[in-house]
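An overview of the molecular structure
These are the residues of each chain, in order.
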Amino acid sequence: MRRIHVGNALSAFGLGFTVPYLYVYVAQVRGLGAMTAGMVLAVFAVAALIVLPFAGRAIVRRGPLPVLLAALVTAALGALSLGLASTSAAVLLSAAALGAGQAVMQPALATMIVDCSTTETRSRAFAMQFFLQNLGLGIGGLIGGHLVDTSHVSSFTLLFAIEAAVFLLLVVVMATVRIPHAPKIEDAPASAGGSWKQLLGNRAMVQLCVLGFVLFFACYGQFESGLSAYGVEAAGISTSALGTALAANTAMIVVAQFAVLKFVERRRRSRVIAAVGLIWAVAWVAAGYAGLGHGSQEMATAAFVSTYALFGLGEAMLSPTVAPLVADLAPSGLAGQYNSAFALVKQLALAVGPAVGGPMGAALHAPYIVTFLLFSLAISVLAIRLGSRLTEVQDQPWRARSRVVQRGGAPADAVTADA
């Protein structure tokens, strides 16, 4: 598990190391223009959407470790070629390889966490994963920003070469991992289509995917697009204040992650997600005050920073809740398929969110706030409805463990959820 957490931190470091500077690198340093730079960012999302449906099946058939190693090598080759690419075609192909590799890392690492944890330790393991991912992203972005120089292409070549080296280092680290138990499903459908049909027949998982789409659309899909555009245009937020808001989000996650863990572990998962919807509704009200209220600029800035901090609190509550729930909904041996399906939903939301929120946040200020306030309230409604479809073990795993211990039954790590 320690090696897997190192993998999460290093993969996030690689992502934060280069992605924030892709636009500047392609448009200005390589002189390929804003259109090509925008297409590169779009290719990341498209590549993920293409490979994720197949990644889940590969994880089920081959196991998460071989899939992860293949993804790391692909991402390393993409990063290295991106640093050397000088034409639009080469840049787009390199970005596709890098985006596909990074997309597959997420469900592969999540499935390894499932295989190396029990129902008792899973929430804490995913909380640690989320903590290290944010730490890796922040440190990667900070170091990368000090290495690049827009007047020297070689500084960006070095940046991407270091990213490739990080991925290859991760190959060496992860190759030493021995999964304690990786259940296989012998009678799985022979085709990928049959496997997806089986997943779609799980009504609770389908509802969780719908809920997940709304979660990512209303929060993560707005961070660097609609909400930032709204802050600048409606609230007059400076770029430095926007940076402070993003830092407040990360700081809240780092500070609150383990503080809220004990609280979250003893609550119904569906109720925790519903509470996150209410917290994010308050965050959108604060954002509304920042841009539509009549307070001072200082008050508007404080409200805007508070919005990002409240989003961070909600994220800290979700990390030990949603990912373990996906794992508990998956039949034995199909965790990789379910993790990939949920990652696919996330990518869809992250692709649609900026496309919808960006123009609204920049021009339709009041409708933007009202729309995403309603989406946040919808999270609470969908979470309560999901709770009615979950078994006691899926919604309250700690109660099931306590009752088994009291009855002198099987140990905690033998308690599994029946999807």
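From a predicted model like this one, the values you see are computed outputs, not experimental measurements. (Residues numbered from 1 in each chain as written. Predicted model: local features only at pLDDT ≥ 70, side-chain atom pairs only at ≥ 80, totals over all residues. Heavy atoms only, no water.)

Notes on the overall build of the chain
To keep it simple, the criterion reads: In this text, helices come from DSSP runs of H or I with a minimum length of four residues, and strands from runs of E with a minimum of two, each type numbered from the N-terminal end. Throughout this description, buried means an accessible area under 20% of the type-specific maximum (1.4 Å probe, protein chains only), exposed means over 50%, and partly exposed covers the range between. Every residue pair with non-hydrogen atoms within 4.5 Å of one another is taken to be in contact. Only the protein chains shown count as covering a residue, and every accessible area follows the Shrake-Rupley method with a 1.4 Å probe. Counting rule for charge: Lys and Arg are taken as positive, Asp and Glu as negative, and neither His nor the chain ends is counted. The atoms used to mark charge sites are NZ of Lys, CZ of Arg, CG of Asp and CD of Glu.
Scanning the chain for helices and strands turns up 19 helices and zero strands. Its C-alpha atoms give the chain principal-axis dimensions of about 65 × 50 × 35 Å. Here the chain holds 419 residues, and 53% of them are scored as buried. Relative to all contacts within the chain whose residues are 6 or more apart in sequence, the contacts with residues 24 or more apart total 85%. Surface accessibility of the chain: about 17300 Å² in total, with carbon and sulfur atoms responsible for 67%. Mean positive and mean negative side-chain charge positions of the chain (25 and 16 charges, respectively) differ by 8 Å.

Points about the pattern of salt bridges
Note the threshold: A carboxyl oxygen of Asp or Glu within 4 Å of a side-chain nitrogen of Lys or Arg is what we treat as a salt bridge.
Under the defined criterion, the tally for this structure stands at three salt bridges. A salt bridge links Arg-268 to Asp-395; its shortest N-O distance comes to 3.2 Å. Of this pair, Arg-268 sits in the loop between α12 (261–265) and α13 (269–292) while Asp-395 sits in helix α18 (residues 392–395); the two residues are 127 residues apart in sequence, bridging distant segments of the chain. In this structure Arg-268 comes out as partly exposed when scored by relative accessible area, which is 33%. Under the relative-accessibility criterion, Asp-395 is labelled buried at 2%. Where Asp-328 meets Arg-269, a salt bridge forms, and the shortest distance between an N and an O atom there is 2.8 Å.

Focus on the environment of Gly-333
Mapped onto the secondary structure, Gly-333 falls in the loop between α15 (322–329) and α16 (335–363). Along the backbone, Gly-333 and Ile-4 are 329 residues apart, and their C-alpha atoms lie at a distance of 19 Å.

Observations regarding the packing of helix α4 (residues 64–84) against helix α7 (residues 153–174)
Worth spelling out the cut-off: Interaxial angle, 0 to 180 degrees, is taken between N-to-C directions of lines fitted to C-alpha atoms, where a helix line uses only the stretch in contact. Just so you know how the angles are binned, under 35 degrees is roughly parallel, over 145 roughly antiparallel, 65 to 115 roughly perpendicular, and the rest oblique. Crossings are assigned a handedness: left-handed for a near helix turned anticlockwise from the far helix by less than a right angle, right-handed for a clockwise turn. For this classification, Asp, Glu, Lys and Arg are treated as charged, while Ala, Val, Leu, Ile, Met, Phe, Trp, Tyr, Cys and Pro are nonpolar and the rest, including Gly, are polar.
Running from N to C, α4 and α7 cross one another at 165 degrees; their axes reach a closest spacing of 8 Å. When the axes of α4 and α7 are compared, the pair comes out roughly antiparallel. As α4 runs across α7, the sense of the crossing is left-handed. Residues Leu-65, Leu-68, Leu-69, Leu-72, Val-73, Ala-75, Ala-76, Ala-79, Leu-80, Leu-82, Gly-83 and Leu-84 of α4 form the contact with α7, whose participating residues are Thr-157, Phe-160, Ala-161, Glu-163, Ala-164, Phe-167, Leu-168, Leu-170, Val-171 and Met-174. Looking at the contact of α4 with α7 residue by residue, the classes come out as 19 nonpolar, two polar and one charged.

Some details on the packing of aromatic side chains
Here the distance between the centres and the angle between the planes together describe a pair of aromatic rings. Rules: Stacked, tilted and edge-to-face are the three classes applied to pairs of Phe, Tyr and Trp rings, where Trp contributes its six-membered ring and a pair requires centres within 6.5 Å; stacked means planes under 30 degrees apart, edge-to-face means over 60, and tilted covers the rest.
Counted according to the given criterion, the structure contains 15 aromatic pairs. With centroids separated by 5.0 Å and ring planes inclined at 55 degrees, the aromatic side chains of Tyr-368 and Phe-372 adopt a geometry described as tilted. One end of the pair, Tyr-368, and the other, Phe-372, are both in helix α17 (residues 365–387), four residues apart, so they sit about a helical turn from each other. A relative accessible area of 0% places Tyr-368 in the buried class. Connected via pairs of aromatic rings, a cluster forms that spans Phe-213, Phe-217, Tyr-230, Trp-280, Trp-284, Phe-311, Tyr-368, Phe-372 and Phe-375.

Focus on the confidence of the model for the chain
We apply this condition: The predictor rates its confidence in each residue with pLDDT, a number between 0 and 100.
Here the chain averages 81 in pLDDT, while 90% of its residues score no lower than 70. Confidence drops under a pLDDT of 50 for residues 183–192, and excluding neighbours within four residues, the segment shows 22 contacts in the predicted structure. In the predicted structure, residues 403–419 sits below a pLDDT of 50 and forms 21 contacts with residues beyond four places in sequence or in another chain.

Topic: the side chain of Glu-315
Convention followed: Pairs of N or O atoms are called polar contacts if they sit within 3.5 Å, as long as, within protein, a hydrogen donor faces a hydrogen acceptor (for residues adjacent in sequence, only side-chain-to-side-chain pairs).
Mapping Glu-315 onto the fold places it in helix α14 (residues 297–318). It is Lys-346 that comes nearest to the buried, bridge-free Glu-315 among opposite-charge side chains, at 8.4 Å. Side chain to side chain, Glu-315 and Asn-249 meet in a polar contact 2.8 Å long.

Things to note about the state of the cysteines
Spelled out, the test is: By convention in this document, the label disulfide applies to cysteine sulfur atom pairs within 2.5 Å.
Here the structure, examined in full by the defined rule, presents zero disulfides. Free cysteine: Cys-209, not disulfide-bonded; nearest cysteine sulfur from Cys-219 at 18 Å. Looking at Cys-209, the relative accessible area reads 12%, which means it is buried. Judged by its relative accessible area of 0%, Cys-219 falls in the buried class.

Things to note about the nonpolar core
What counts is decided by this rule: Among the buried residues, those of types Ala, Val, Leu, Ile, Met, Phe, Trp, Tyr and Cys that are joined through side-chain atoms within 4.5 Å form a nonpolar core.
In this structure, Met-205, Leu-208, Leu-227, Trp-280 and Phe-304 are the most contacted members of the largest nonpolar core, which totals 71 residues. When near neighbours in sequence (up to four residues on either side) are disregarded, Met-205 contacts Leu-199, Val-326, Leu-329, Tyr-338 and Phe-342. Membership of the second largest hydrophobic core comes to 53 residues, among which are Leu-22, Val-29, Val-91 and Met-174.

Quick look at the side chain of Arg-269
Position of Arg-269 among the secondary structure elements: in helix α13. A relative accessible area of 5% places Arg-269 in the buried class. Looking at Arg-269, its side chain comes within polar contact range of the main-chain oxygen of Gln-394, at 2.8 Å. Among all residues touching Arg-269, those that are not within four sequence positions of it are Ser-123, Thr-321, Pro-324, Leu-325, Asp-328, Gln-394, Asp-395 and Pro-397.

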